[in-house]
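A closer look at the structure
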Amino acid sequence: MITITRKLIALDLDGTTLNNDSKISSQTSATIRAAVKQGYLVSIVTGRPNRLSENFYDDLHLNTPMINFNGNLGILPHQAWNREYQYTIDKEIVAELLAKSKSLGLSLIAVEGRDMFLANHGVKNNAGFGFFPSTLETDQVLSQQSLRDNPISITVQVEPELKAGLIDFLQNQFGDQVEVSPWGGPHSIVEIATKGVHKSTGLKFLADYYGILQKDIIAFGDEGNDVTMMQYAGTGVAMKNAIDKIKEFANDVTDFSNDDDGVARYLQDRMDIAVGE
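How each quantity is defined
Residues numbered from 1 in each chain as written. Predicted model: local features only at pLDDT ≥ 70, side-chain atom pairs only at ≥ 80, totals over all residues. Heavy atoms only, no water. Pairing = 2+ DSSP bridges. Helix = DSSP H or I, 4+ residues; strand = E, 2+ residues; numbered from the N terminus. Buried < 20%, exposed > 50% of the residue type's maximum accessible area, 1.4 Å probe, protein only. Polar contact = N/O pair within 3.5 Å; in protein donor to acceptor, adjacent residues only side chain to side chain. Contact = heavy atoms within 4.5 Å. 1 Å grid on protein atoms, 1.4 Å probe; cavity = no way out; pocket = protein on both sides within 12 Å on 5 of 7 lines; lining within 4 Å. Points joined across faces, edges and corners; volume = space filled by probe spheres on them. Nonpolar A, V, L, I, M, F, W, Y, C, P; charged D, E, K, R; others polar.

**Concerning the sheet that holds strand S4 (residues 73–75)**
What holds strands together in a sheet is hydrogen bonding between their backbones, with the strands either parallel or antiparallel. Taken in spatial order, the three strands of this open sheet run S3-S4-S5, and their pairing is antiparallel. Both edges of this open sheet fall to strand S3 (66–68) and strand S5 (85–86), since each of them pairs with a single strand only. Of the strand pairs in this sheet, S3 and S4 are connected by three bridges, and their pairing is antiparallel. The partner of Asn68 across the bridge, within S4, is Leu73.

**Some details on the pairing of strand S10 (residues 189–194)**
When a strand is regular, its side chains alternate between the sheet's two faces. When you tally the buried positions in S10, you get six out of six residues, the bulk of the element. Sheet analysis places strand S8 (residues 153–158) next to S10, joined by four bridges and oriented antiparallel. Bridge pairing in S10 links Ile154 to Ile192. Inspection of the sheet shows strand S9 (residues 178–182) paired to S10 by five bridges, in the antiparallel sense. Within S10, the residue paired with Glu179 across the bridge is Ala193.

**Structural notes on the side chain of Thr46**
Mapped onto the elements, Thr46 comes out in the loop between strand S2 (41–44) and helix H3 (54–59). At 2.9 Å, the side chain of Thr46 and the backbone nitrogen of Arg48 are in polar contact. Residues within four places of Thr46 in sequence aside, it is in contact with Asp12, Leu13, Ser53, Ile67, Asn68, Phe69, Asn70 and Lys199.

**Focus on empty space enclosed by the protein**
Unoccupied space between atoms shows up once a probe the size of one water molecule is rolled over them. Scanning the model with the defined rule gives one cavity of 30 Å³ or more in all. Along its surface, the largest cavity is lined by Thr254, Asp255, Phe256, Gly262, Arg265, Tyr266, Asp269 and Arg270. Looking at side-chain class alone, the lining of the largest cavity contains two nonpolar, two polar and four charged residues.

Now the structure itself:
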(Lines give C-alpha, C1' and ligand atoms only; values in the text may rest on other atoms or scores of the structure.)
Protein backbone atom coordinates (compact mmCIF):
# COMPACT_ATOMS: atom_id res chain seq x y z
CA MET A 1 0.00 0.00 0.00
CA ILE A 2 1.27 3.46 -0.92
CA THR A 3 1.06 6.01 1.88
CA ILE A 4 0.49 9.55 0.68
CA THR A 5 2.22 12.14 2.85
CA ARG A 6 -0.15 14.92 3.79
CA LYS A 7 1.15 18.46 3.53
CA LEU A 8 -0.06 21.61 5.24
CA ILE A 9 -0.23 24.97 3.45
CA ALA A 10 -0.32 27.91 5.88
CA LEU A 11 -1.56 31.18 4.41
CA ASP A 12 -1.08 34.68 5.74
CA LEU A 13 -3.83 37.01 4.51
CA ASP A 14 -2.83 40.66 4.07
CA GLY A 15 -0.12 41.16 1.48
CA THR A 16 -0.13 37.44 0.72
CA THR A 17 -3.40 35.68 -0.08
CA LEU A 18 -5.32 38.97 -0.35
CA ASN A 19 -4.66 41.40 -3.18
CA ASN A 20 -4.14 45.12 -2.66
CA ASP A 21 -7.91 45.61 -2.48
CA SER A 22 -8.00 43.18 0.47
CA LYS A 23 -9.85 40.59 -1.60
CA ILE A 24 -9.19 37.05 -2.77
CA SER A 25 -9.10 36.94 -6.54
CA SER A 26 -11.02 34.30 -8.45
CA GLN A 27 -7.77 32.66 -9.58
CA THR A 28 -6.38 32.46 -6.08
CA SER A 29 -9.66 31.11 -4.73
CA ALA A 30 -9.92 28.46 -7.44
CA THR A 31 -6.31 27.38 -6.92
CA ILE A 32 -6.61 27.05 -3.14
CA ARG A 33 -9.83 25.07 -3.51
CA ALA A 34 -8.04 22.83 -6.01
CA ALA A 35 -5.21 22.28 -3.51
CA VAL A 36 -7.74 21.15 -0.91
CA LYS A 37 -9.40 18.85 -3.45
CA GLN A 38 -6.00 17.33 -4.25
CA GLY A 39 -5.41 16.46 -0.59
CA TYR A 40 -3.53 19.40 0.85
CA LEU A 41 -4.54 20.78 4.22
CA VAL A 42 -4.91 24.54 3.92
CA SER A 43 -5.15 26.82 6.95
CA ILE A 44 -5.29 30.57 7.41
CA VAL A 45 -2.66 31.86 9.86
CA THR A 46 -3.17 35.59 10.22
CA GLY A 47 -2.66 38.56 12.46
CA ARG A 48 -6.26 39.55 11.82
CA PRO A 49 -8.98 38.89 14.40
CA ASN A 50 -11.48 36.19 13.54
CA ARG A 51 -14.18 38.82 12.94
CA LEU A 52 -12.17 40.05 9.93
CA SER A 53 -11.06 36.73 8.51
CA GLU A 54 -13.98 34.30 8.77
CA ASN A 55 -15.39 35.72 5.52
CA PHE A 56 -12.24 34.66 3.67
CA TYR A 57 -12.32 31.27 5.37
CA ASP A 58 -15.88 30.83 4.10
CA ASP A 59 -15.03 32.06 0.59
CA LEU A 60 -12.33 29.39 0.34
CA HIS A 61 -14.69 26.67 1.70
CA LEU A 62 -12.12 25.65 4.32
CA ASN A 63 -12.88 23.25 7.16
CA THR A 64 -9.51 23.33 8.94
CA PRO A 65 -8.79 25.26 12.16
CA MET A 66 -7.97 28.94 11.68
CA ILE A 67 -5.24 30.79 13.57
CA ASN A 68 -5.88 34.45 14.44
CA PHE A 69 -4.19 37.27 16.34
CA ASN A 70 -0.71 36.09 15.29
CA GLY A 71 -1.03 32.72 16.99
CA ASN A 72 -3.01 33.81 20.04
CA LEU A 73 -6.30 32.18 18.99
CA GLY A 74 -7.00 28.84 17.34
CA ILE A 75 -10.62 28.06 16.41
CA LEU A 76 -12.93 26.18 14.13
CA PRO A 77 -15.00 29.09 12.81
CA HIS A 78 -18.74 29.18 13.46
CA GLN A 79 -18.72 26.35 15.97
CA ALA A 80 -17.67 25.25 19.43
CA TRP A 81 -14.57 23.05 19.42
CA ASN A 82 -12.98 21.26 22.36
CA ARG A 83 -9.47 21.87 20.96
CA GLU A 84 -9.92 25.64 20.70
CA TYR A 85 -7.25 27.69 22.48
CA GLN A 86 -6.57 31.31 23.30
CA TYR A 87 -3.92 33.36 25.08
CA THR A 88 -5.19 36.42 26.91
CA ILE A 89 -3.78 39.56 28.55
CA ASP A 90 -4.55 40.81 32.05
CA LYS A 91 -7.31 43.40 31.67
CA GLU A 92 -5.55 45.55 34.30
CA ILE A 93 -3.09 46.51 31.56
CA VAL A 94 -6.01 47.98 29.62
CA ALA A 95 -7.09 49.90 32.73
CA GLU A 96 -3.59 51.35 33.01
CA LEU A 97 -3.62 52.46 29.37
CA LEU A 98 -7.05 54.05 29.78
CA ALA A 99 -5.90 55.95 32.86
CA LYS A 100 -2.72 57.20 31.16
CA SER A 101 -4.04 57.60 27.61
CA LYS A 102 -3.56 61.36 27.50
CA SER A 103 0.04 61.38 28.77
CA LEU A 104 0.96 58.43 26.53
CA GLY A 105 -0.60 60.12 23.48
CA LEU A 106 -3.13 57.37 22.76
CA SER A 107 -5.88 58.40 20.36
CA LEU A 108 -7.33 54.88 20.08
CA ILE A 109 -7.49 51.92 22.44
CA ALA A 110 -9.21 48.81 21.08
CA VAL A 111 -9.40 45.41 22.76
CA GLU A 112 -10.52 42.13 21.23
CA GLY A 113 -11.27 38.52 21.97
CA ARG A 114 -12.96 35.78 19.97
CA ASP A 115 -16.39 37.26 20.69
CA MET A 116 -15.36 40.68 22.01
CA PHE A 117 -14.68 44.05 20.45
CA LEU A 118 -14.45 47.22 22.52
CA ALA A 119 -12.88 50.60 21.72
CA ASN A 120 -12.75 54.02 23.32
CA HIS A 121 -14.16 55.55 20.11
CA GLY A 122 -14.76 54.86 16.44
CA VAL A 123 -12.13 55.31 13.75
CA LYS A 124 -12.45 57.13 10.45
CA ASN A 125 -11.74 54.33 8.01
CA ASN A 126 -9.29 56.08 5.77
CA ALA A 127 -7.30 54.16 3.18
CA GLY A 128 -5.28 51.33 4.65
CA PHE A 129 -6.87 51.54 8.09
CA GLY A 130 -10.20 49.75 7.86
CA PHE A 131 -9.69 47.28 10.69
CA PHE A 132 -11.93 49.09 13.17
CA PRO A 133 -15.49 50.43 12.83
CA SER A 134 -16.04 54.15 12.27
CA THR A 135 -18.96 54.19 14.71
CA LEU A 136 -19.52 52.07 17.80
CA GLU A 137 -22.60 50.38 19.14
CA THR A 138 -23.42 51.20 22.76
CA ASP A 139 -22.13 47.83 23.93
CA GLN A 140 -18.82 48.32 22.07
CA VAL A 141 -17.65 51.36 24.05
CA LEU A 142 -14.56 50.53 26.10
CA SER A 143 -14.44 51.34 29.80
CA GLN A 144 -13.24 49.61 32.94
CA GLN A 145 -16.87 48.60 33.53
CA SER A 146 -17.51 47.22 30.04
CA LEU A 147 -14.27 45.20 29.93
CA ARG A 148 -15.33 42.13 31.90
CA ASP A 149 -12.97 39.54 30.41
CA ASN A 150 -9.27 39.47 29.66
CA PRO A 151 -8.69 40.34 25.99
CA ILE A 152 -6.58 38.48 23.46
CA SER A 153 -5.25 41.63 21.83
CA ILE A 154 -4.86 45.33 22.61
CA THR A 155 -4.36 47.74 19.71
CA VAL A 156 -3.51 51.40 20.25
CA GLN A 157 -2.98 54.35 17.95
CA VAL A 158 -0.37 56.72 19.33
CA GLU A 159 0.91 60.15 18.37
CA PRO A 160 3.92 59.39 16.11
CA GLU A 161 6.35 61.45 18.19
CA LEU A 162 5.31 59.53 21.34
CA LYS A 163 5.48 56.04 19.84
CA ALA A 164 8.98 55.23 21.11
CA GLY A 165 8.03 56.41 24.60
CA LEU A 166 4.92 54.22 24.60
CA ILE A 167 6.91 51.16 23.60
CA ASP A 168 9.45 51.87 26.37
CA PHE A 169 6.62 52.27 28.89
CA LEU A 170 4.99 48.99 27.91
CA GLN A 171 8.24 47.07 27.94
CA ASN A 172 9.35 48.52 31.27
CA GLN A 173 5.98 48.03 32.99
CA PHE A 174 4.68 44.83 31.42
CA GLY A 175 7.59 43.37 29.45
CA ASP A 176 7.42 40.07 31.29
CA GLN A 177 3.78 39.62 30.24
CA VAL A 178 3.33 41.04 26.75
CA GLU A 179 4.78 41.31 23.25
CA VAL A 180 4.78 44.85 21.83
CA SER A 181 4.57 44.94 18.01
CA PRO A 182 4.41 48.17 15.98
CA TRP A 183 2.46 47.80 12.74
CA GLY A 184 4.07 48.49 9.41
CA GLY A 185 2.55 51.09 7.09
CA PRO A 186 1.73 54.77 7.51
CA HIS A 187 -0.34 54.58 10.70
CA SER A 188 1.25 54.84 14.13
CA ILE A 189 -0.28 51.65 15.52
CA VAL A 190 1.08 49.37 18.25
CA GLU A 191 -0.34 45.94 19.03
CA ILE A 192 0.00 44.24 22.41
CA ALA A 193 -0.40 40.48 22.93
CA THR A 194 0.81 37.66 25.17
CA LYS A 195 4.57 37.35 25.45
CA GLY A 196 6.16 34.44 23.63
CA VAL A 197 3.18 33.69 21.40
CA HIS A 198 3.71 34.03 17.65
CA LYS A 199 2.39 32.63 14.39
CA SER A 200 4.73 29.67 14.92
CA THR A 201 2.67 28.84 18.04
CA GLY A 202 -0.40 28.41 15.86
CA LEU A 203 1.49 26.55 13.16
CA LYS A 204 2.90 24.07 15.69
CA PHE A 205 -0.63 23.59 17.04
CA LEU A 206 -1.88 22.74 13.53
CA ALA A 207 1.04 20.40 12.87
CA ASP A 208 0.48 18.55 16.15
CA TYR A 209 -3.28 18.37 15.58
CA TYR A 210 -2.87 16.79 12.15
CA GLY A 211 0.30 14.83 12.89
CA ILE A 212 2.27 16.62 10.19
CA LEU A 213 6.06 16.93 10.24
CA GLN A 214 7.66 20.36 9.93
CA LYS A 215 9.25 19.36 6.63
CA ASP A 216 5.76 18.89 5.19
CA ILE A 217 4.60 22.45 5.98
CA ILE A 218 4.63 25.23 3.38
CA ALA A 219 4.03 28.72 4.78
CA PHE A 220 3.43 31.90 2.77
CA GLY A 221 4.01 35.38 4.20
CA ASP A 222 5.20 38.91 3.58
CA GLU A 223 5.68 40.84 6.84
CA GLY A 224 7.66 40.77 10.08
CA ASN A 225 4.99 38.85 11.96
CA ASP A 226 5.53 35.95 9.54
CA VAL A 227 9.19 35.36 10.50
CA THR A 228 8.53 32.69 13.15
CA MET A 229 6.12 30.90 10.83
CA MET A 230 8.78 30.90 8.09
CA GLN A 231 11.34 29.49 10.49
CA TYR A 232 9.04 26.73 11.74
CA ALA A 233 7.80 25.57 8.34
CA GLY A 234 9.82 23.17 6.25
CA THR A 235 9.38 25.54 3.32
CA GLY A 236 8.90 29.22 4.00
CA VAL A 237 7.77 31.11 0.90
CA ALA A 238 8.10 34.89 0.84
CA MET A 239 5.95 36.93 -1.48
CA LYS A 240 7.67 38.94 -4.20
CA ASN A 241 6.29 42.02 -2.41
CA ALA A 242 7.58 40.87 1.01
CA ILE A 243 9.90 42.95 3.15
CA ASP A 244 13.59 42.09 2.85
CA LYS A 245 13.70 40.52 6.33
CA ILE A 246 11.15 37.90 5.29
CA LYS A 247 13.03 37.10 2.09
CA GLU A 248 16.18 36.51 4.14
CA PHE A 249 14.44 33.85 6.24
CA ALA A 250 12.48 32.28 3.37
CA ASN A 251 13.42 29.17 1.45
CA ASP A 252 11.79 30.49 -1.69
CA VAL A 253 10.22 33.65 -3.12
CA THR A 254 7.18 33.84 -5.39
CA ASP A 255 7.69 35.15 -8.91
CA PHE A 256 4.60 37.33 -8.60
CA SER A 257 3.25 39.69 -5.95
CA ASN A 258 0.07 39.34 -3.92
CA ASP A 259 -1.64 41.65 -6.41
CA ASP A 260 -0.77 39.30 -9.28
CA ASP A 261 -1.92 36.02 -7.74
CA GLY A 262 1.53 35.19 -6.38
CA VAL A 263 0.29 32.40 -4.10
CA ALA A 264 -1.89 30.84 -6.81
CA ARG A 265 0.83 30.92 -9.45
CA TYR A 266 3.36 29.42 -7.04
CA LEU A 267 0.99 26.58 -6.13
CA GLN A 268 0.30 25.88 -9.79
CA ASP A 269 3.88 26.17 -11.04
CA ARG A 270 5.94 24.79 -8.16
CA MET A 271 3.53 22.38 -6.47
CA ASP A 272 1.60 21.11 -9.49
CA ILE A 273 -1.79 22.22 -8.25
CA ALA A 274 -4.07 21.76 -11.23
CA VAL A 275 -7.10 24.06 -11.37
CA GLY A 276 -10.25 22.73 -12.99
CA GLU A 277 -9.61 19.05 -12.48
